[in-house]
Amino acid sequence: MTTTPVITRPGAAKALWPASAADDSPTFITCTFDTLTKAVDEALELERDLSHALSWDPASTDIQEVVEAKWQDCLKLSGDILTAQMVSAEDLPMQRMSMLLHFLIESTGPEEALRFQQLMHEHRDLFTTDDPGVREALNRAARQVDAVAEMAVTAPEFAPV
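My aim in this report is to walk through the structure given alongside it, one point at a time. (Residues numbered from 1 in each chain as written. Predicted model: local features only at pLDDT ≥ 70, side-chain atom pairs only at ≥ 80, totals over all residues. Heavy atoms only, no water.)

With that out of the way, let us pick up the overall build of the chain. When helices and strands are counted, the chain shows 5 helices and 0 strands. Moving toward the C terminus, one meets the helices and strands of the chain in the order α-α-α-α-α. Taking all contacts inside the chain whose residues are at least 6 apart in sequence as the whole, residues at least 24 apart take part in 73%. For the chain, the accessible area works out to roughly 10200 Å², and carbon and sulfur atoms hold 57% of it. (Helix = DSSP H or I, 4+ residues; strand = E, 2+ residues; numbered from the N terminus. Contact = heavy atoms within 4.5 Å. Areas by Shrake-Rupley, 256 points an atom, 1.4 Å probe, with all protein chains shown as cover.)

Judged by nonpolar contacts, the single largest core of 35 residues is most densely connected at Phe 33, Leu 36, Trp 71, Cys 74 and Met 97. Tallying contributions element by element places helix H5 (residues 132-154) first for this core, with 9 residues. (Core = buried A, V, L, I, M, F, W, Y, C linked by side-chain atoms within 4.5 Å. Buried < 20%, exposed > 50% of the residue type's maximum accessible area, 1.4 Å probe, protein only.)

For helix H1 (residues 28-52), with 25 residues, the first-to-last C-alpha span of 36 Å sits near the 36 Å given by 1.5 Å per residue. Among the residues of H1, those classed as buried are Ile 29, Thr 32, Phe 33, Leu 36, Thr 37, Ala 39, Val 40, Ala 43, Leu 44, Leu 46 and Glu 47. Among the structural elements, helix H2 (63-83), helix H3 (91-105) and H5 are those in contact with the buried residues of H1. (Expected span 1.5 Å × (residues − 1).)

A few words on the environment of Ala 141. Turning to its location among the elements, Ala 141 is positioned in helix H5. Through-space distance from the C-alpha of Ala 141 to that of Leu 101 is 8.0 Å; in sequence the pair is 40 residues apart. Beyond its immediate stretch of four places on either side in the chain, Ala 141 contacts Phe 33, Thr 37, Met 97 and Leu 101.

Take Lys 70: it is sitting in helix H2. With a relative accessible area of 17%, Lys 70 lands in the buried category. When neighbours within four sequence positions are excluded, Lys 70 is seen to be in contact with Ala 39, Glu 42, Ala 43 and Leu 46.

With respect to the helices and strands, Cys 31 occurs in helix H1. With 50 residues separating them in the primary sequence, Cys 31 and Ile 81 have C-alpha atoms 9.6 Å apart.

On inspection of all chains with the given rule, the structure shows 1 aromatic pair. On the numbers, 6.1 Å between centres and 20° between planes, the contact of Phe 103 with Phe 116 is stacked. Here the residue Phe 103 occupies a position in helix H3, and Phe 116 occupies one in helix H4 (residues 110-122), the gap between them amounting to 13 residues. The class for Phe 103 is partly exposed, based on a relative accessible area of 38%. (Phe/Tyr/Trp six-rings, centres within 6.5 Å; stacked < 30°, edge-to-face > 60°.)

This part covers a nonpolar patch on the surface. There is a patch of nonpolar side chains on the surface, built from Leu 82, Met 99 and Phe 103 and spanning about 240 Å² of accessible area. Among the structural elements, Leu 82 can be located in helix H2. Residue classification places Leu 82 among the partly exposed positions, given a relative accessible area of 31%. (Patch = residues over 30% accessible without salt bridge, like charges linked within 9 Å, V, L, I, M, F, W, Y side chains within 5 Å. Salt bridge = Lys/Arg side-chain N within 4 Å of Asp/Glu carboxyl O.)

Attention now goes to the environment of Phe 127. Looking at where Phe 127 falls in the secondary structure, it is placed in the loop between H4 and H5. In this structure, the C-alpha to C-alpha distance between Phe 127 and Arg 96, residues 31 residues apart in sequence, is 6.9 Å. Setting aside chain neighbours within four positions, we find Phe 127 in contact with Pro 93, Arg 96, Met 97, Leu 100, Met 120 and Leu 138.

Given below as C-alpha cells:
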C-alpha cells in the first residue's frame, strides 16, 4: 500500500482559502452585541432575584448594588456598540437594537418603556437581517426589550438605573 506524499508546506495552505472567508469573521459589534445580550439576561435575572429578596435576609443586603452595577455594564456595552464603526451590513440592525436597549434601560417610567417597546414592534424592519445568526441575536434582544418593558409596568419601583 502506498501513501500520497503531501508536498504543500503547512503555512501555505492558509492562502488557499477564498478571500471571502475573512469576511465571515465576527465584527466588534457582533461580539459586543452578544456580550450585551448576555449582560441584559444577567441583569434581568438579578432584578427578579431582587424582587424576591427579603429585606431581613443577610444574603440579599448588597443585591441592589449588584443589580445597578450590572445595568451600568449593559449601558457601557450598548454605548460601545453605538460608537463603533460598522464593518458589515449586519452591524446596522445590531446598532439600532443596542440604541433601543440603551434608551429603554435609561427610561424613567412605564410609559416611556412601553413607548420604546412599541417603536420596536412598529419598525421591525429596522431590526432585521438575512443572516440567521444575527437574526437570532436580534430576536433574543427583542425578547429582552419585552421583558424590560413588562418589568417596568408590573413593578413600578423597577428602574434599571
